[in-house]
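Letter by letter, the chains look like this.
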Amino acid sequence: MDQNREKWGSKIGFVLAAAGSAIGLGNIWKFPYIAGENGGASFVLVYLICIAIIGLPVLIAEILIGRTTQRNPVGAFYKLSNSKIWAGVGGLGVVAGFMILSFYAIIAGWSLGYIIEAIVGNFYIWPEPAAAADHFQQLVSNPTWIIGYFLLFMILTVAIVFAGVQKGIERASKIMMPILVILLIVLMIRGLTLPGAEKGLNFLWNPEWDKISTGTILLALGHAFFTLSLGMGAMLTYGSYMSEDDNVPRSALQIVTLDTVIALVAGMAIFTAVFAVGLDPAAGPGLIFHTLPGVFAKMPGGYIFSIIFFILLSIAALTSSISLLEVVVSYFVDEKKWKRHNAAIVLGIVTAIIGLPSVLAFNILSDFKIFGLNFFDLVDFIASNILLPLGGLMISIFVAWIWGFDRVLPKLKLGAEKLFNDYPWVISVWKIFLKYLAPVLIFLVFLQSIGVLEKIVSIFLD
Ligand code: PHE
């Protein structure tokens, strides 16, 4: 084992950092809006099933690859398979890391910008959703505003990764994650005490079965990957800083539970508020930026809650973005022997440059479309809908069929002896899910992505 490689300072350090990676814009920005667009409770139910039967098994597999090899995604696959093709799967993860970070930091930048909007009291000037949406549109059409906050967010991300695994990522997560959980619970209680909150709860918890379509199922499965930071090596990389006496299945269960609880708490905080003032839950990606300012402006204590909310959103985004940059940094540190400090800065700059066309898609380049998508949507589409499902598919195939359970199980057992002895059936279920269920279901998601791709191509050809 490499003695010089960095490590988490404690077991809880890993869980908090990994939960920090999982919990992010995916939970607070994306989950509510896609749940809102897809019938609420029925989507939530399918998403919960996907998390349990695919997310958790693949998460265990991904963390285990990292812990066993103590490598970045490329080195890890190579070490276990001796094959350049499998190393290429890790390489796809590094590419996905660049891509996701390049658009993730844009939305995170809006969140930073909205802290200032909240502080200066702008939400009280435009309390109606339509006016708030106009104001939002004005902000993102201003290249200086959007680039400025995008770069500010990238600088924060680089600074934490620069400081390293223990001093940067672990310490940041240990401080920020508990604050985040407390703030979200405060916001949820605020939402639950608003008049009309039951309508929001009803929307989130009472499934309308006729709203479940194959589209919903596949969308929920795709989101399960995004929200758990699965399929591109982020969890693998964090797992690589773990020690062998850590319990992988238990840590994975804790991460999944925290991530899911936070998504549901965020959902309750947002939908109770949205319904209390009679807004449309299906407002789309702009849901929180278009509608929440007005929601805050109209509720008692809204000024302070609006500031808290956008600080919280920025924190959540930051503990995720550092895991995206860390994948890329760990690759260059392990394989190319770069110094961490240089890697963090150089790769941060590269990501910012890759992100520029996406930033400009909201203003100067808004008419520039490839396959009918602007640059931002295109990068999101390729990374989230193609690279993540592909990565998840490959991870489950790799662990179950290539690495093989004969070699995998002794590794998984390290730190989890009690689970193996007391609940051997859990391990058997994991094997079946990873070997058959996960690959087949993920393959379906992937096909759906291709289907969407075909539609886009046909629009393009028309
Ligand atoms: N899981 C993060 C979120 O929900 C996003 C993310 C995806 C982070 C992939 C790392 C890797 O916001």
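About the thresholds
Residues numbered from 1 in each chain as written. Predicted model: local features only at pLDDT ≥ 70, side-chain atom pairs only at ≥ 80, totals over all residues. Heavy atoms only, no water. Patch = residues over 30% accessible without salt bridge, like charges linked within 9 Å, V, L, I, M, F, W, Y side chains within 5 Å. Areas by Shrake-Rupley, 256 points an atom, 1.4 Å probe, with all protein chains shown as cover. Salt bridge = Lys/Arg side-chain N within 4 Å of Asp/Glu carboxyl O. Helix = DSSP H or I, 4+ residues; strand = E, 2+ residues; numbered from the N terminus. Phe/Tyr/Trp six-rings, centres within 6.5 Å; stacked < 30°, edge-to-face > 60°. Buried < 20%, exposed > 50% of the residue type's maximum accessible area, 1.4 Å probe, protein only. Lys NZ or Arg CZ within 6 Å of the ring centre and 35° of its normal. Axes fitted to C-alpha atoms, helices over the stretch in contact; angles between N-to-C directions. Parallel < 35°, antiparallel > 145°, perpendicular 65-115°, else oblique. Left-handed = near helix turned anticlockwise from the far one by under 90°. Contact = heavy atoms within 4.5 Å. Nonpolar A, V, L, I, M, F, W, Y, C, P; charged D, E, K, R; others polar. Core = buried A, V, L, I, M, F, W, Y, C linked by side-chain atoms within 4.5 Å. Near = heavy atom within 4 Å. Polar contact = N/O pair within 3.5 Å; in protein donor to acceptor, adjacent residues only side chain to side chain. Lys, Arg positive; Asp, Glu negative; His and termini not counted.

Caption draft 1: Structural detail: a nonpolar patch on the surface. Taken together, the side chains of I116, I119, V120, Y124, Y303 and I304 make up a nonpolar region of the molecular surface, amounting to roughly 540 Å² of accessible area. Elements represented by at least two residues in the nonpolar patch include exactly helix 5 (84-119) and helix 14 (302-335). Along the chain, Y303 turns up in helix 14.

Caption draft 2: Spotlight on the packing of aromatic side chains. What the rule picks out here adds up to 31 aromatic pairs. Where F77 meets W86, the ring centres are 6.3 Å apart and the plane angle is 15°; that geometry is what we call stacked. For the pair shown, F77 and W86 are each scored as buried. Note that K30 overlies the ring of F226, its terminal NZ or CZ placed 4.1 Å from the centroid. The ring of W401 is capped by K435, whose NZ or CZ atom sits 4.7 Å from the centre of that ring.

Caption draft 3: Summary view of the packing of helix 9 (residues 197-205) against helix 12 (residues 248-276). Packing of helix 9 against helix 12 brings their axes to within 7 Å, and their N-to-C directions diverge by 135°. Considered as vectors, helix 9 and helix 12 are oriented oblique to each other. For the pair helix 9 and helix 12, the sense of crossing is right-handed. Packed against helix 9, whose contacting residues are A197, K199, G200, L201, F203, L204 and W205, the element helix 12 presents L264, G267, M268, F271, T272 and F275 at the interface. Partitioning the contact of helix 9 with helix 12 into residue classes produces nine nonpolar, three polar and one charged.

Caption draft 4: The arrangement of the nonpolar core in detail. With 167 residues, the main nonpolar core has I28, W110, F289, F309 and W430 as its most contacted residues. Among residues more than four places away in sequence, those in contact with F309 are I28, L187, I270, I288, L292 and F296.

Caption draft 5: Geometry of the site of the ligand. If you check the shell around the ligand, you find 14 residues, and the closest are A22, G26, Y104, F226 and S229. Separating a nitrogen atom of the ligand from a backbone N or O atom of S21 is a distance of 3.3 Å. Taken by itself the ligand offers 330 Å² of open surface, and the protein chains cover 100% of this. Sorting the residues of the shell around the ligand by element identifies helix 1 (11-22), helix 2 (25-37), helix 10 (214-227) and helix 14 as the ones contributing at least two each. Its residues assigned to classes, the shell around the ligand comprises six nonpolar, eight polar and no charged.

Caption draft 6: Geometry of the side chain of R67. Within the secondary structure, R67 sits in helix 3 (residues 41-69). No salt bridge is formed by the buried R67; its nearest oppositely charged neighbour, E244, is found at 5.2 Å. Separated by 3.1 Å, the side chain of R67 and the backbone oxygen of E244 make a polar contact. When neighbours within four sequence positions are excluded, R67 is seen to be in contact with G239, S240, M242, S243, E244, D246, V248, K411, L412 and L414.

Caption draft 7: Looking closely at the side chain of S21. With respect to the helices and strands, the residue S21 is situated in helix 1. In contact with S21, other than residues within four places in its own chain, are S229, A234, M235, Y238, T319, S320 and S323.

Caption draft 8: Structural view of the environment of A87. Here A87 lies in helix 5. Note on A87: relative accessible area 10%, which makes it buried. Counting along the chain gives 14 residues from A87 to P73, while the straight-line C-alpha distance between them is 7.6 Å. Contact partners of A87, with chain neighbours within four places excluded, come to V74, F77 and Y78.

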